[in-house]
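Residue-level structural notes
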Amino acid sequence: MVEASVAPESAAPPAPPTPPVSLAALLSRDDLGLRQIAGPSAAGVTIHGAHTSEMSDPYPYLLGGELLLTAGVHIPEAAGPGAFDFDGYVARIVAAGGAALGFGVAPVHDTVPQGLVAACEAHGLPLVEVEPRTTFSGVARAVWQLMAQARLAELRRITEAQQGLAAAASRPDPVPSVLRRLAARLEGRAVLYGPDGAEIAAAGREPGDEVRRALAELARFVTGHASSTATDTAAGTRLAAYALGTGRGFVLGVAAPHRESGDHAVASIAAVLLSLLTGEHQSGTGAARSSALVRLLLGARREEVAPLLGGGEGDGDVTRWYVVHARPATGTLDAVSASALGAALGSPLVDAADDVVRVLVPAGPPPDAAASRGGPSGTPEGPAVGGGPPGAKGVRGGQGASAGRNRTGPHPGTDPTRLLASAGPAAQPGWTLGVSAPVAPAEWPVADAQAARALARARATRAPLVRHAERSAFAGLVAADEAEAHARALLAPIGGVPALTETLRAWLSLHGSWDRTAVALSVHRNTVRQRVARCAALLEADLDDPDVRMELWFALRHLPG
């Protein structure tokens, strides 16, 4: 089953993007004195953090992958049969994705309740006894220390791989050298496929026929779908494919017997290097982009130079583009990871500054043009970010042509390249993305603002991807100039303070959530409260009234900037 790079929607919370720590490594710490008394072997259990909770139902407070620590305050001291629902308690922890349960035997309970031991054994949840001398904060600190060590080891491994791959790319035979170094790093097989799907070069251990066929099929899957990366498993071997450049030509395929933390980053670095080696040197795109830059600097219009950038399909001379804003889910931004993101999205037009990567991604033709040629209509993937009234649902993160482990091919007779263009940029592992609506070059500044707002909403809602997409609404019944005039008049009291309009816009789009608005704006929640209260006072409006909110939202949508 192919697993595309687009993250599936799931009811179970995913594990946080932190380095996994073996429970066995935590139990081996002599200074903690931890002892496992129930559940599966600790050697096969990984944890992503530690959390203390004395709630009788900790489900709402878990992200998944935690070692949950409790002293059993919520459990009666004489918890005989039927006195406490141990089975329901453990079942909720397992449903929330908890990795293990640590029970402190003091000061509430002298021993771990037998009912809890039986429930953990029945549900397969590791149960760890925490002796009285060990504090929960000490356990949590040990977990974070192990995670820091794992992160350091991962970064060291990625750095060493980056240096090795860069050195290989500078050799007289750069492509075979990069493949050899990558295969050695991953202890597997690395293959470069051409636009026709044939093997151009390969290195590493020769796989079996089943693995070879599955890897070739995965490479073809990437070239014909919206996802720039995809993974699969065949005969116990982990497979991955990375589209190089625009995603419509060369593909890097990787087959490894196991997958370690950081392998995706290492393969992405190799994909970036191979994109440069197989792309710019075999076409005139580099000179064309340089020409486009010079013409822009000399005063040419964006729509005049856009055809020189390549990659987009257009209706006549009109080419549509997406603007993508992205931030790494963890760690700091660097040039290599930004280039890798651009390669994954299928565009070399990348700008990394101020902790945000901006990527200009070519899109397909407008919906009416596609329909006139018998192509897909290119309907939006979700409602507009800020494109509907507060409370409107349907903003979806991380949806694309493929999701999770569902492999959906194009409808018979559909041009795969047109399907790729209409689907839009897909979610990328390790990144939070905001995607604009597809626009003509003259509207790039508008799309840039759309992508920025979409990224702010994605961060606030913890979604891997949020799209801005236009849709029909009542607002379309009012002429644009009249709507703008009404917006300026209504918002005049706060129009001279950008911080107030920005805060009001974010607060309304996030349904009045103080915490999410604070995250989106990178300010304290009290600052949000003060600004919103100031807006209410200046506007002389009751912001608890849904009609007032609706009118203000309409005005903010039509206020320039």
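See the structure above.
Residues numbered from 1 in each chain as written. Predicted model: local features only at pLDDT ≥ 70, side-chain atom pairs only at ≥ 80, totals over all residues. Heavy atoms only, no water.

A tally of helices and strands in the chain yields 19 helices and 20 strands. Within the chain, buried positions represent 46% of all 561 residues. Within the chain, counting contacts between residues at least 6 apart in sequence, those at least 24 apart form 68% of the total. Split by element, the accessible area of the chain, about 26000 Å² in all, is 54% carbon and sulfur. (Helix = DSSP H or I, 4+ residues; strand = E, 2+ residues; numbered from the N terminus. Buried < 20%, exposed > 50% of the residue type's maximum accessible area, 1.4 Å probe, protein only. Contact = heavy atoms within 4.5 Å. Areas by Shrake-Rupley, 256 points an atom, 1.4 Å probe, with all protein chains shown as cover.)

Considering all chains together, one arrives at 14 salt bridges under this definition. Across the pair Asp 57 and Arg 92 runs a salt bridge whose closest N-O atoms are separated by 3.0 Å. Placement of Asp 57 in the loop between strand E5 (49-52) and strand E6 (66-70) and of Arg 92 in helix H2 (residues 86-95) is noted, with a sequence separation of 35 residues between them. Judged by relative accessible area, Asp 57 falls into the partly exposed class, the value being 28%. Put simply, Asp 448 and Arg 358 hold a salt bridge, and the shortest N to O gap is 3.2 Å. Within this pair, whereas Asp 448 is found in helix H13 (residues 444-461), its partner Arg 358 is found in strand E18 (residues 356-362), the two being separated by 90 residues in sequence. The partly exposed category is assigned to Arg 358, whose relative accessible area is 35%. Connected via shared salt-bridge partners are Arg 189, Glu 206, Asp 209 and Arg 212. (Salt bridge = Lys/Arg side-chain N within 4 Å of Asp/Glu carboxyl O.)

With that settled, consider the sheet that holds E6. Strands in a sheet are paired, the pairing made by backbone hydrogen bonds, and the direction either parallel or antiparallel. Overall, mixed pairing links the five strands, which are arranged E3-E8-E7-E6-E5 in an open sheet. Each end of this open sheet is capped by a strand with a single partner; those strands are strand E3 (35-38) and E5. Averaged over all neighbouring strand pairs, the angle between strand axes comes to 30 degrees, with direction disregarded. Relative to E6, E5 runs parallel, the two sharing four bridges. Opposite Ala 50, over in E6, you have Leu 67 as the bridge partner. Relative to E5, helix H4 (residues 136-169) is tilted by about 160 degrees, and along the sheet it contacts E5, E6, strand E7 (100-104) and strand E8 (127-130). (Pairing = 2+ DSSP bridges. Axes fitted to C-alpha atoms, helices over the stretch in contact; angles between N-to-C directions.)

We now examine the sheet that holds E18. Spatially, five strands are ordered E17-E18-E16-E19-E20 in an open sheet, and the strand pairing comes out mixed. Single-partner strands in this sheet number two, and they are strand E17 (350-353) and strand E20 (465-467). Strand-to-strand twist in this sheet, taken as the mean axis angle between neighbours without regard to direction, amounts to 15 degrees. Summarising the sheet, strand E16 (residues 321-328) and E18 pair through six bridges and their orientation is antiparallel. By the bridge assignment for E18, Trp 321 is matched with Pro 362. Strands E16, E18, strand E19 (431-435) and E20 of the sheet are contacted by H13, whose axis makes an angle of about 35 degrees with E16.

On to the packing of aromatic side chains, then. What the rule picks out here adds up to four aromatic pairs. Between the aromatic rings of Phe 84 and Tyr 89, the centroid separation amounts to 6.0 Å while the plane-to-plane angle is 65 degrees, which identifies the pairing as edge-to-face. Look at Tyr 89 and you get buried, because its relative accessible area is 2%. Ring centres 5.4 Å apart and planes at 35 degrees place the aromatic pair Trp 507 and Trp 514 in the tilted group. A relative accessible area of 22% places Trp 514 in the partly exposed class. An aromatic cluster is built from Phe 84, Phe 86 and Tyr 89, whose rings are joined through pairwise contacts. For Arg 92, the ring lying beneath its charged end belongs to Tyr 59, and the centroid distance is 4.2 Å. (Phe/Tyr/Trp six-rings, centres within 6.5 Å; stacked < 30°, edge-to-face > 60°. Lys NZ or Arg CZ within 6 Å of the ring centre and 35° of its normal.)

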